[in-house]
Amino acid sequence: MKVAILSGSVYGTAEEVARHAMDILNVAGFEAWHNPRASLADVQAFAPDAFLAVTSTTGMGELPDNLMPLYSTIRDQLPAAWRGLPGAVIGLGDASYGDTFCGGGEQMRELFGELGVREVLPMLRLDASESVTPEADAEPWLAELVTALRG
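Keep in mind the model is a prediction, meaning the values are calculated, not measured.

Novice: Honestly, the overall build of the protein in this entry has me stumped. Any pointers?
Specialist: Within the protein one finds five helices and six strands. Taken from the N to the C terminus, the helices and strands of the protein come in the order β-α-β-α-β-α-β-α-β-β-α. Relative to the globule expectation of 15 Å for 151 residues, the C-alpha radius of gyration of the protein, 14 Å, shows essentially globular dimensions. For the protein, the C-alpha atoms occupy an extent of roughly 40 × 35 × 25 Å along the three principal directions. Burial status across the protein gives 50% buried among its 151 residues. A separation of at least 24 residues holds for 78% of the contacts in the protein among residues at least 6 apart in sequence. Carbon together with sulfur atoms contributes 51% to the accessible area of the protein, which is approximately 7100 Å² in total. Of note, the protein has its 9 positive side-chain charges centred 8 Å away from the centre of its 21 negative side-chain charges.

In structure tokens form, the structure reads like this:
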């Protein structure tokens, strides 16, 4: 199964989590692909069977600038081929921001919903105010993702 990992990061933490997820998925026997500057054409050329979005949150709960072009293009085109594919989201944020905590992740969940991507696990919310090792903190959830994708 080919898993496309879409990521948005400001300071690189979400990108590190995405790379770690790619390693875990590859070791589990999946063909995981991650390009933090991917275009829609890049993702479509990979022809994914599943999606994982890993994104931090900026400002008032927005997506990082490096993910916005891909997000906007996907939203404008809504590729029908992705309807029904499995997907999941890891959101990074800081709970002290209240209502906008993991807002970037919520935007990706909404986009996946518009696309008809089937959410196979509830979004993982990584809180920067509690975690200094988000890659390690994501591992139990990623193990569940591997199981969900296999099932």
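Novice: Explain the pairing of strand E4 (residues 86-93) to me, please; I cannot follow it from the model alone.
Specialist: Here is the key point about a regular strand: its side chains alternate between the two faces of the sheet. Of all eight residues that make up E4, eight are buried, and the element is covered over most of its length. Residue alternation in E4 divides its side chains into two sets, Pro86, Ala88, Ile90 and Leu92 and Gly87, Val89, Gly91 and Gly93, and both sets are buried. On the question of chirality, the crossover connecting strand E3 (residues 50-55) to the parallel E4 by way of helix H3 (residues 68-77) is right-handed. Alignment of E4 against strand E5 (residues 118-119), held across two bridges, turns out to be parallel. Bridge pairing in E5 places Pro86 opposite Arg118. With helix H4 (residues 103-115) bridging E4 and its parallel neighbour E5, the resulting β-α-β unit is right-handed. Two strands pair when backbone bridges link them, and E4 and strand E6 (residues 124-127) are joined in this way by four bridges, in the parallel orientation. Bridged to Gly93 within E6 is Asp127.

Novice: It is not clear to me how the packing of H3 against H4 should be interpreted in this structure. Could you clarify?
Specialist: For any two helices packed against each other, one specifies the crossing angle of their axes together with the interaxial distance. At a minimum axis separation of 10 Å, H3 and H4 run at an interaxial angle of 25 degrees. The angle between H3 and H4 places the two elements in the roughly parallel class. Pair H3 / H4 crosses with left-handed handedness. Each of Tyr71, Ile74 and Arg75 in H3 lies in contact with H4, whose residues at this interface are Gln107, Met108, Leu111, Glu114 and Leu115. When the residues that make up the contact of H3 with H4 are grouped by side-chain class, the tally is five nonpolar, one polar and two charged.

Novice: Explain the pattern of salt bridges to me, please; I cannot follow it from the model alone.
Specialist: Tallied over the entire structure, the rule returns seven salt bridges. Among the salt bridges present, the one from Arg37 reaches Glu15, with a minimum N-O distance of 4.0 Å. You can see Arg37 sitting in the loop between strand E2 (31-34) and helix H2 (40-46) and its partner Glu15 sitting in helix H1 (residues 13-27), a full 22 residues away along the chain. Of the charged contacts, one joins Arg125 and Glu106 as a salt bridge, the two residues approaching to 2.6 Å between their closest N and O atoms. Highlighted residues: Arg125 in strand E6 and Glu106 in helix H4, separated in sequence by 19 residues. Judged by its relative accessible area of 39%, Arg125 is partly exposed.

Rules of the game
- Residues numbered from 1 in each chain as written.
- Predicted model: local features only at pLDDT ≥ 70, side-chain atom pairs only at ≥ 80, totals over all residues.
- Heavy atoms only, no water.
- Helix = DSSP H or I, 4+ residues; strand = E, 2+ residues; numbered from the N terminus.
- Rg over C-alpha atoms; globule rule 2.2 N^0.38 Å.
- Buried < 20%, exposed > 50% of the residue type's maximum accessible area, 1.4 Å probe, protein only.
- Contact = heavy atoms within 4.5 Å.
- Areas by Shrake-Rupley, 256 points an atom, 1.4 Å probe, with all protein chains shown as cover.
- Lys, Arg positive; Asp, Glu negative; His and termini not counted.
- Charge placed at Lys NZ, Arg CZ, Asp CG, Glu CD.
- Right-handed = clockwise from strand over helix to strand, strands pointing away.
- Pairing = 2+ DSSP bridges.
- Axes fitted to C-alpha atoms, helices over the stretch in contact; angles between N-to-C directions.
- Parallel < 35°, antiparallel > 145°, perpendicular 65-115°, else oblique.
- Left-handed = near helix turned anticlockwise from the far one by under 90°.
- Nonpolar A, V, L, I, M, F, W, Y, C, P; charged D, E, K, R; others polar.
- Salt bridge = Lys/Arg side-chain N within 4 Å of Asp/Glu carboxyl O.

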